[in-house]
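Tertiary structure, described
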Amino acid sequence: MRLIIATPSPFARKARIALLEKAMPHECVIENPWQSGTAVPNTNPLGKVPTLILDDASVIHDSKVIVEYLETLGAAPQLLPSEAMQRIAHKQIEAIADGICDAVVLILLERSRPAAMQSADWMERQRRKVVAGTSELARLLGEREWFTPHGFGLAEIATGCALGYLDLRFPEYDWRAAAPNLRALAERLATRPSFAKTVPSAQVIPTTA
Ligand SMILES: N[C@@H](CCC(=O)N[C@@H](CS)C(=O)NCC(=O)O)C(=O)O
């Protein structure tokens, strides 16, 4: 399998962590989906990473679909619980974590526009989503070690990727002070080789009009 990634992408990181946790052999191909001439649209009509290319050349894209696909292969550990409501809890938490990342991406894109074209209102609207989403993740975790009785799984992966992305792309928001329980979760996750091997790093977002 080949996984098309970008080094800062929290969505790509989610898929990478799932592959590493399950010890599935794969190759990572680094792209920058924002650069002109990127090959990403050749495998994903939406032009986004991650994209998973299987050995028979079939393609699976969107991190949520990739993780669901990997689960069907049956390798341990199980990242999505079999029990229905716990499974929904993991997917709900993933949706919040991904939504935080979407809002940060929108802020970055706005900042990449010429200063006179940037909308402070738009960026503030996205910042509120980041803060409210993080606060909801903290509420859902509470004082527990993991979000659900299933233990480590998709919810923790998605949350860890969102928090890592905040550190990289939105460091002005001190989520550790706002949510000490998420800080403790992030510290636990950082000890896992899958997280340590996939720490995000920046790529350039070209200026857009
Ligand atoms: N829902 C998608 C989101 C993927 C996404 O937004 N990826 C960003 C990088 S962090 C991207 O490739 N953006 C390029 C673009 O939107 O043109 C997923 O979970 O895979």
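What comes next concerns the included structure. (Residues numbered from 1 in each chain as written. Predicted model: local features only at pLDDT ≥ 70, side-chain atom pairs only at ≥ 80, totals over all residues. Heavy atoms only, no water.)

1. Quick look at empty space enclosed by the protein
According to the stated counting rule, one finds one cavity of 30 Å³ or more in the structure shown. What the largest cavity holds in volume is close to 40 Å³. What lines the largest cavity is simply A6, T7, P8, S9, A12, R13, R16, T198 and P200. (1 Å grid on protein atoms, 1.4 Å probe; cavity = no way out; pocket = protein on both sides within 12 Å on 5 of 7 lines; lining within 4 Å. Points joined across faces, edges and corners; volume = space filled by probe spheres on them.)

2. Let's talk about the nonpolar core
One broad trend across soluble globular proteins is that nonpolar side chains are buried collectively. Ranked by internal contacts, the top residues of the largest apolar core, which has 53 residues, are L52, L70, V130, L166 and L182. At the level of elements, β1 (2-5), α1 (10-21), α3 (63-72), α4 (84-111), α5 (120-141), α6 (154-169) and α8 (180-190) are the ones that each hand at least two residues to this core. The element that contributes the greatest number of residues to this core is α4, accounting for 10 residues. Counting only domains with at least three residues in this core, you end up with domain 1 (2-72) and domain 2 (84-192). Look past the residues within four positions of L166 in its chain and what remains in contact with it is I100, V104, V130, T134, P171, Y173 and W175. Formed by five residues, the second largest nonpolar core is a distinct cluster that contains A6, V40, V49 and I53. (Core = buried A, V, L, I, M, F, W, Y, C linked by side-chain atoms within 4.5 Å. Buried < 20%, exposed > 50% of the residue type's maximum accessible area, 1.4 Å probe, protein only. Helix = DSSP H or I, 4+ residues; strand = E, 2+ residues; numbered from the N terminus. Domains from an automatic or database assignment. Contact = heavy atoms within 4.5 Å.)

3. Points about the packing of α1 against α4
α4 packs onto α1 with a crossing angle of 140 degrees between their chain directions and a minimal axis gap of 10 Å. When the axis of α1 is compared with that of α4, the two are oblique. Contacts between α1 and α4 involve P10, F11 and K14 from the first element and E94, D98, C101 and D102 from the second. Looking at side-chain class alone, the contact of α1 with α4 contains three nonpolar, no polar and four charged residues. (Axes fitted to C-alpha atoms, helices over the stretch in contact; angles between N-to-C directions. Parallel < 35°, antiparallel > 145°, perpendicular 65-115°, else oblique. Nonpolar A, V, L, I, M, F, W, Y, C, P; charged D, E, K, R; others polar.)

4. Quick word on the sheet that holds strand β3 (residues 51-53)
Taken in spatial order, the four strands make up an open sheet running β2-β1-β3-β4, and their pairing is mixed. Edge strands, defined here as strands with exactly one partner in the open sheet, are β2 (27-30) and β4 (59-61). Going from strand to strand, the sheet's axes swing by 25 degrees on average, the running direction of each strand aside. In terms of strand pairing, β1 meets β3 through three bridges, oriented antiparallel. Among the inter-strand pairings, R2 is bridged to a residue of β3, identified as I53. In the packing of α1 onto the sheet, the strands contacted are β1 and β2, and the crossing angle to β1 comes to about 150 degrees. Running over the sheet, α3 touches β1, β3 and β4 and is turned about 125 degrees from β4. (Pairing = 2+ DSSP bridges.)

5. Observations concerning the side chain of S63
As for its position among the elements, S63 is in helix α3. For S63, a relative accessible area of 3% corresponds to the buried category. Excluding anything up to four places from it in sequence, S63 contacts F11, K14, P50 and D98.

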